[in-house]
Amino acid sequence: MVRRVVFNQKGGVGKSTITVNLAAAAALAGRSVLVVDLDHQGNASRYLLGETASETTPTLTQFFEQTLNFSLYSNTIEDFVHATQCPGLYVLPAGAGLAEQQAKLESRYKIFKLRESLQELGARFDEIWLDTPPALNFFTLSALIAADRCLIPFDCDAFSRDALVGLLDRVAEIRADHNPALSVEGIVVNQFQPRATLPTRMVDELKSRGLPVLEPFLNSSVKVRESHERAVPLVQLEPRHKLAQAFSALYQSLAK
């Protein structure tokens, strides 16, 4: 079972969109796939479940609540998993109240609980994709400890470029202290504008520094917003769309 985390402390870089569409591409390729939404905003959950996301139970919030109240008759993590409209794709939704749990989970040192629980799903899922909040908090650290591969979105912005070294250092720190299996699988270039000089120059700069820049790059598209509104991943909604094909090609490059 491959466990990937999509990680960037900067907001608005497309983490949820990238997570959901790459996971959906994996499912459409015949894999059994789970998305775990660790962001209290629940963007990945809403993307996959639509308006029912706020009503869906049980959620990740209940899962973590269970870890704080030990019982011999606790549910397994599989009980918190829900099917989506995409065949083969499932989600463990964030749920209301997730952010408020952070202090309790930290004080009780539950940082390894997610990894332990996800390991129990090896017989059911081929891949697990973890979507993280735009912060280095308990939930992000839990995801980095639970994963074995890390993807870092890069939106061709000067602030993202300047922060990239710090992100790579954080991953290296987690690998050294908690998860020796964790590796940076690559940098996903998002919202790329091929006709603009700045994005091309920035990507070339990353490559010249020997950083693992993945291809193809992901262009911006208003069609993504439509897929958000309809709660259907773009690769499923419009498989022939240029951006959908880029997501599929990117997944195939990772699958190799």
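Located above this text is the structure these notes cover.
Keep in mind the model is a prediction, meaning the values are calculated, not measured.

Draft legend 1. Just the overall build of the chain, in detail. A tally of helices and strands in the chain yields 11 helices and seven strands. When the backbone C-alpha atoms are referred to their principal axes, the chain occupies close to 60 × 40 × 30 Å. Counting all 256 residues of the chain, 52% fall into the buried class. Taking as baseline every contact in the chain between residues at least 6 positions apart, the subset at least 24 positions apart corresponds to 80%. Carbon together with sulfur atoms contributes 48% to the accessible area of the chain, which is approximately 11,500 Å² in total. Mean positive and mean negative side-chain charge positions of the chain (26 and 28 charges, respectively) differ by 5 Å.

Draft legend 2. The arrangement of the layout of surface pockets in detail. By volume, the largest pocket is sized at about 620 Å³. Lining the largest pocket are 31 residues, and of these G14, S16, T17, V224 and H228 sit closest to its centre. For the lining of the largest pocket, the secondary-structure elements that each account for two or more residues are α1 (15-28), α2 (43-49), α9 (223-230) and α11 (242-255). By residue class, the composition of the lining of the largest pocket is nine nonpolar, 15 polar and seven charged. Taken together, 14 residues form the lining of the second largest pocket, with Q66, T67, S74, K113 and S117 sitting closest to its centre. Within the lining of the second largest pocket, the residues separate by chemical class into three nonpolar, seven polar and four charged.

Draft legend 3. Structural view of the pairing of strand β6 (residues 149-154). The element β6 is extensively covered by neighbouring structure, given that five of its six residues are classed as buried. The pairing of strand β1 (residues 2-6) with β6 spans three bridges and is classified as parallel. Considered in β6, the bridge of V5 is made with C150. Handedness of the β6-helix α7 (residues 158-177)-strand β7 (residues 183-189) crossover: right-handed.

Draft legend 4. Highlighting the nonpolar core. Counting 48 residues, the largest nonpolar core has V36, L38, F64, L118 and L130 as the members making the most contacts within it. Element by element, the count of residues in this core is highest for helix α6 (residues 138-146), at six residues. Among residues more than four places away in sequence, those in contact with F64 are L38, L98, Q101, L105, F138 and F139. Counting 34 residues, the second largest nonpolar core, distinct from the first, contains I18, L22, V188 and L218.

Draft legend 5. Inspection of the pattern of salt bridges at higher detail. The tally for this structure, following the rule as stated, stands at 15 salt bridges. Close ionic contact of E185 with R149 constitutes a salt bridge, the shortest N to O distance being 3.3 Å. With a gap of 36 residues between them, E185 in strand β7 and R149 in strand β6 connect regions that are remote in the sequence. Here K223 ties to E226 by a salt bridge, and the two come within 3.1 Å at their closest N and O atoms.

Draft legend 6. Layout of α1. In this model α1 runs 20 Å from its N-terminal to its C-terminal C-alpha over 14 residues, within 8% of the 20 Å that 1.5 Å per residue would give. The buried count for α1 comes to 13 of 14 residues, which makes it a mostly enclosed element. Just past α1, the residue G30 takes up positive phi, approximately 100°.

Draft legend 7. Representation of the sheet that holds β6 in the model. Across the sheet, which stays open at both edges, the seven strands sit in the order β3-β4-β2-β5-β1-β6-β7 with mixed pairing between neighbours. Among the strands making up the open sheet, the edge pair consists of β3 (82-83) and β7. Bridge count between strand β2 (residues 33-37) and strand β4 (residues 89-92): four bridges; the pairing is parallel. Within β4, the residue paired with L34 across the bridge is Y90.

Draft legend 8. Seen up close, the pairing of β1. Burial runs high along β1: five of the five residues are buried. Here β1 shows two buried faces, one formed by V2, R4 and V6 and the other by R3 and V5.

Draft legend 9. How the structure looks around the packing of α1 against α11. Closest axis-to-axis distance for the α1/α11 pair is 9 Å, and the angle between their directions is 70°. In terms of orientation, α1 and α11 fall into the roughly perpendicular class. Here α1 contributes T17, I18, N21, L22, A25 and A26 to the contact with α11, which in turn contributes F247, S248, L250, Y251 and L254. For the contact of α1 with α11, the residue count by class is eight nonpolar, three polar and no charged.

About the criteria used
Residues numbered from 1 in each chain as written. Predicted model: local features only at pLDDT ≥ 70, side-chain atom pairs only at ≥ 80, totals over all residues. Heavy atoms only, no water. Helix = DSSP H or I, 4+ residues; strand = E, 2+ residues; numbered from the N terminus. Buried < 20%, exposed > 50% of the residue type's maximum accessible area, 1.4 Å probe, protein only. Contact = heavy atoms within 4.5 Å. Areas by Shrake-Rupley, 256 points an atom, 1.4 Å probe, with all protein chains shown as cover. Lys, Arg positive; Asp, Glu negative; His and termini not counted. Charge placed at Lys NZ, Arg CZ, Asp CG, Glu CD. 1 Å grid on protein atoms, 1.4 Å probe; cavity = no way out; pocket = protein on both sides within 12 Å on 5 of 7 lines; lining within 4 Å. Points joined across faces, edges and corners; volume = space filled by probe spheres on them. Nonpolar A, V, L, I, M, F, W, Y, C, P; charged D, E, K, R; others polar. Pairing = 2+ DSSP bridges. Right-handed = clockwise from strand over helix to strand, strands pointing away. Core = buried A, V, L, I, M, F, W, Y, C linked by side-chain atoms within 4.5 Å. Salt bridge = Lys/Arg side-chain N within 4 Å of Asp/Glu carboxyl O. Expected span 1.5 Å × (residues − 1). Axes fitted to C-alpha atoms, helices over the stretch in contact; angles between N-to-C directions. Parallel < 35°, antiparallel > 145°, perpendicular 65-115°, else oblique.

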